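Here is what each chain is made of, one letter per residue.
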Amino acid sequence: MSTLERDPREGMVQVLDEEGGVVGDVPALDDDELVEMYRNMKLARHFDTRAVSLQRQGRMGTYPPLSGQEGAQVGSAMALAEDDWMIPSYREHAAALVRGFGLTRTLRYWMGDERGNAPPEDANIFTVAVPIASQIPHATGMAWADKLKHGGNPENAYICYFGDGATSQGDFHEGLNFAGVFDTPNVFFCNNNQWAISVPRERQTASETLAQKAVAYGFEGVQVDGMDPLAVYKVTSEALEKAKSPAEGELRPTLIEAVQYRYGAHTTADDPSVYREDDEVERWKAKDPIPRMEKFLRNQGILDDERVDAIRESVEEEVAAAIEEAESSVRPDPSTMFDHVFEEMPSELAEQAEELAALREKYGDEAFLEE
Ligand SMILES: Cc1ncc(C[n+]2csc(CCOP(=O)(O)OP(=O)(O)O)c2C)c(N)n1
Ligand SMILES: [Mg+2]
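Residues numbered from 1 in each chain as written. Chains lettered and ligands numbered in written order. Predicted model: local features only at pLDDT ≥ 70, side-chain atom pairs only at ≥ 80, totals over all residues.

Chemist: How do you make sense of the packing of helix α5 (residues 135–149) against helix α6 (residues 170–182) when you look at a structure like this?
Modeler: Helix-helix packing is described using two parameters, namely the angle between the two axes and the distance between the axes. It is at 7 Å that the axes of α5 and α6 come closest, and there the two elements cross at 20 degrees. By the angle between their directions, the pair α5 and α6 is classed as roughly parallel. Considering only the axes of α5 and α6, their crossing is left-handed. Contact with α5, carried on its side by Ile 136, Pro 137, Ala 139, Thr 140 and Trp 144, involves Asp 171, Phe 172, Glu 174, Gly 175, Phe 178, Ala 179 and Phe 182 of α6 and no other residues of that element. (Axes fitted to C-alpha atoms, helices over the stretch in contact; angles between N-to-C directions. Helix = DSSP H or I, 4+ residues; strand = E, 2+ residues; numbered from the N terminus. Parallel < 35°, antiparallel > 145°, perpendicular 65-115°, else oblique. Left-handed = near helix turned anticlockwise from the far one by under 90°. Contact = placed C-beta atoms within 7 Å.)

Shown next as structure tokens:
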């Protein structure tokens, strides 16, 4: 039986327990792919630590940390076929790097450089979405377009990421409702990290699970341990497969609720110590996806001290190179901030652009720089 055919209130799908022991069916990945999964999570964790530190040093404007969420992001992104599409929120740097949206781009974006918001031509990934849940109807629309273009048989699947807080937005309802009615090839991937800034999961909805919201839209909803990358990979693979080739009588869309935790602040502009207790964070750290995967790989004889050290070193080098590249590129001209908002610039924005140009002319750019 597929892991999707369960009651969405039945509990989380798991493959690894918190000690890295096997408690479910291990998905069919070869040793190299398993090591790649581990390395991607290590890369994301190290990147995250460095990015927070860059922001604290004034080398980056703001940044939304992802530590704790690597298992959900890497496990799901690795399940995508090359031509499938990823529609992210603003915290999916780890999923994005798996999709070919490199770390340098992510750094540039959070350094205020719009060039960092341009996906590479050959990577099927959409731009970062900051307005909560706005990407969900976009993802449904993209999937529906694929279906219409191919005579009712869509070629690709469309995975859309959003948070627990996003499930309270109208766009969530509209996107999922439409997907059910038009039977679009979507995977709705909810990163339930327990908090929407300072609003806890239990203040978000009286529903027992977020996964069960799928029942009302007529398709499957499943809860997965989001800190178990193998369980996430397995559930996401099945959902992507169903999106493209459903069985007779089955609807294409799935809602996945990946239960996990954000260890850090919502963004570097937030202070979580005012709304949550440290022991809550410590309790979730005991479920950390990285040591869990490492123990599993060591038990299987796939990783040893030497390989672990080599991975750590290569990850550190890769992140250092991305930072070097992002910081060494010429900073964009401030006037470009008006360029990519609308196809045709509305008059208020044109006025603001002119005002900025006049001020620069009058005082010189030096006057705008901080000491
Ligand atoms: C439409 C909209 N309303 C409010 C905000 C401000 N805001 C930014 S992030 C956030 C919380 C989102 O929480 P969640 O969906 O759980 O995602 P997470 O940040 O935890 O990944 C809010 C309210 C916004 N960006 N967009
Ligand atoms: Mg959240």
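Chemist: Help me understand unusual backbone geometry, please; the structure alone is not making it clear to me.
Modeler: Among all residues except glycine, the phi angle is most often negative; among peptide bonds, the trans geometry is most common. Although it is not a glycine, Gln 194 sits at a positive phi angle of roughly 75 degrees. Examined against the element boundaries, Gln 194 turns out to sit in the loop between β3 (186–192) and β4 (195–196). Positioned with a positive phi, Ile 197 is a non-glycine residue whose angle comes to about 50 degrees. Considering the arrangement of structural elements, one finds Ile 197 in the loop between β4 and β5 (199–200).

Chemist: Which parts of the structure should I look at to understand the site of ligand 1?
Modeler: Around ligand 1 lies a shell of 15 residues, among which Ile 132, Gly 163, Gly 165, Ala 166 and Ala 196 are the nearest. Mapped by element, the contributors of at least two residues to the shell around ligand 1 are β2 (158–163) and β4. Across the shell around ligand 1, the residue classes tally to eight nonpolar, five polar and two charged. (Near = placed C-beta within 6 Å. Nonpolar A, V, L, I, M, F, W, Y, C, P; charged D, E, K, R; others polar.)

Chemist: Explain the UniProt feature "domain: Dehydrogenase E1 component" (unreviewed entry) in the protein here, please?
Modeler: Listed under "domain: Dehydrogenase E1 component" (unreviewed entry) in the UniProt record, and renumbered for this structure, are residues 39–334. With 46% helix and 11% strand, residues 39–334 has end C-alpha atoms that lie 37 Å from one another. (UniProt positions renumbered as here; feature names shortened; annotations may be inferred.)

Chemist: In this structure, what is going on with helix α1 (residues 31–56)? I would like to understand it.
Modeler: Along an α-helix, a turn takes 3.6 residues, which lines up residues three or four apart on a common side. Compared with an ideal rise of 1.5 Å per residue, which puts 26 residues at 38 Å, α1 spans 38 Å between its outermost C-alpha atoms and is within 8% of the ideal. What α1 keeps buried is the set Leu 34, Met 37, Tyr 38, Asn 40, Met 41, Lys 42, Leu 43, Ala 44, Arg 45, Phe 47, Asp 48 and Ala 51. Considering only its buried residues, α1 is in contact with α2 (70–77), α3 (93–98), α4 (103–110), α9 (229–244), α11 (289–299) and α12 (305–328). Just beyond α1, the residue with positive phi is Gly 58, at close to 80 degrees. (Expected span 1.5 Å × (residues − 1). Buried ≥ 20, exposed ≤ 12 C-beta atoms within 10 Å, placed from the backbone.)

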